[in-house]
Amino acid sequence: MASDIPASGAEPATGLPSDVTRDTLPSGTSRKRQSFDRSIIDGPIVPAVWKIAWPTVLQNAIGGLQGIVDHALVGHYVGYTANAAIGVSWQIFLVVIVFISSLFTGMGVLVARAAGANDHDKVNRTVYQAFLTAVALSLGILAPIGYVLSPTLLDLVNATPAVRAEALPFLQTMFLYSIGLLMFFMLGGALRAAGDARTPLRLGIAMTVLNFILNVVFIRGAGPIPAFGTRGAAMGTAIASIAVSAVGLWLLFAGRLIVHFERSMPLRPDFMIIRSLFRFGLPAGIQGVAMNVAGVMLLRFIGSLRDSAEAQAAYAVGYAELFSLITWTSVGLMGAAAAVAGQNLGAGRPDRSAHAVHIAARMGLGVAAAIGALFLLIPDQLLGVFGLTDPTVVRLGRELLRFLSVSGLFITVALTYTGGLQGTGDTRSPLYITLISQVLLPPGICFLLDRTGHLQASGVWTAILVGHMTRCLLSVWRFQQGKWRHIQV
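What this report covers is the structure whose coordinates are included nearby. (Residues numbered from 1 in each chain as written. Predicted model: local features only at pLDDT ≥ 70, side-chain atom pairs only at ≥ 80, totals over all residues. Heavy atoms only, no water.)

**As for the overall build of the protein**
1) Next: Within the protein one finds 17 helices and two strands.
2) Next: The C-alpha atoms of the protein give a radius of gyration of 22 Å, which matches the 23 Å a tight globule of 489 residues would have.
3) Next: Projected onto its principal axes, the C-alpha coordinates of the protein cover approximately 70 × 55 × 40 Å.
4) Next: Across the protein, contacts joining residues at least 24 apart in sequence account for 80% of those joining residues at least 6 apart. (Helix = DSSP H or I, 4+ residues; strand = E, 2+ residues; numbered from the N terminus. Rg over C-alpha atoms; globule rule 2.2 N^0.38 Å. Contact = heavy atoms within 4.5 Å.)

If you want it as structure tokens, here you go:
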């Protein structure tokens, strides 16, 4: 039991090594159980942050490379309209899936606090209830409703007929088989919050490799398998995510992970835990929806430009793919900040929580500065990787990358401090900050430019930069207030 594991890491009374305990099952058999990594709350803070951050950053980078490969393949074999189609489709898909998966943020808050307090049973019960809820939401809401509403959602972003023709089959396939991605997000979030970032990395590598192989086959065709084009990218993602998630769930049920489902665990929904999941997760879900709705609104403004298809292609590659070279690291550090801050707060060490977030932000700034320099020095070469040769697309993409080289510095700090707030239980403040900095400001700037007849692509790029600057300043200010120190879970 959790009380058998001393925080100091000394050998437990069971006589087992310090990294395992025994669970006694109803059948009378016993099973070794891993203990939580206590160095996260006891050891040096920089290694504690890095221990969680580097596997997550690497996983994001490998997964993000798959998106780059998808864009490169469809750009070469279908054309830049396919790049625009995938970019538009992902923007819409994320609006919905981020809201459905919001309970994973609530799960992360509860799991990190319980892991910091060394409460194995609470960790396992929380993750199991998140699993039940995710299955119900995915199969009952996301798949059927998303599939039916896909044509309407594409109309909202002013997709040109050519882009819409490529985007519709991609988007419908992603909605229909979304359960694989949801399960993958749940497993990764649960394990990272409990202090194990390496298992999600292994699963992520497996999914990316499988996804790459399947996409090469389905996008361009191979042997008796026809070329599915843009739809093939969605088919590869769906099959790979479902297969890898099935392996991850088997490990979870088999008791081979630090989080596992025990035979003695109640199998019915526990609505008290589910309410807590949504209490902390729903604000993050609304925040995610707001961010992606703002992205859809920007796509709508981009769609009204004179060179709309070219601008959407530049946006899809420059912002959704190349800018992810910065956000991969930022999101990884955000997860590390959330896990380390949450666990230390659960262990009654809020000063270590604050220090972890500051360290994560400094790490992110170094990476953002290096990648931003590449955006300025070799923009044409970066865009050329995706088969973008149209002069108008290249000109717009080069212009966008100049703005993003600065914007990346602000968004990496904003995300790490958002992780600190969310990981300690303050999930409402990031929501309010997002509404101001992402929903009101960028679309508002574009709206004013449009009404005055001055809307150009550079105006949209400026709006993105202003939004990221505002989000950074507000996130740091809110975290420094320190009210997260007193949130009860």
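**A few points about the packing of aromatic side chains**
1) Next: Applying the stated rule across the entire model yields 13 aromatic pairs.
2) Next: Here Y128 and F261 contribute two aromatic rings whose centre-to-centre distance is 5.0 Å and whose plane-to-plane angle is 80°, an arrangement assigned as edge-to-face. Taken as a pair, Y128 in helix α5 (residues 120–156) and F261 in the loop between α9 (230–253) and α10 (271–303) lie far apart in primary sequence, 133 residues in all. Accessibility assignment for this pair places Y128 and F261 in one class, buried.
3) Next: Relative to F261, the ring of F131 lies with its centre 6.0 Å away and its plane at 45°, an arrangement referred to as tilted. (Phe/Tyr/Trp six-rings, centres within 6.5 Å; stacked < 30°, edge-to-face > 60°. Buried < 20%, exposed > 50% of the residue type's maximum accessible area, 1.4 Å probe, protein only.)

**Concerning the pattern of salt bridges**
1) Next: Following the criterion strictly, the structure yields six salt bridges and no others.
2) Next: With a shortest N-O distance of 2.7 Å, D42 and R349 are connected by a salt bridge. With a gap of 307 residues between them, D42 in helix α1 (residues 39–42) and R349 in the loop between α12 (324–346) and α13 (350–377) connect regions that are remote in the sequence.
3) Next: A salt bridge links D307 to R306; its shortest N-O distance comes to 4.0 Å.
4) Next: Residue classification places R306 among the exposed residues on the basis of a relative accessible area of 79%. (Salt bridge = Lys/Arg side-chain N within 4 Å of Asp/Glu carboxyl O.)

**Description of the nonpolar core**
1) Next: Grouped together as the largest cluster of nonpolar side chains are 136 residues, with contacts concentrated most on M107 and F375.
2) Next: Considering each element in turn, this core owes the most residues, twelve residues, to helix α15 (residues 391–423).
3) Next: Apart from residues lying up to four places away in sequence, M107 is in contact with T126, V127, A130, M186, G189, A190 and L277. (Core = buried A, V, L, I, M, F, W, Y, C linked by side-chain atoms within 4.5 Å.)

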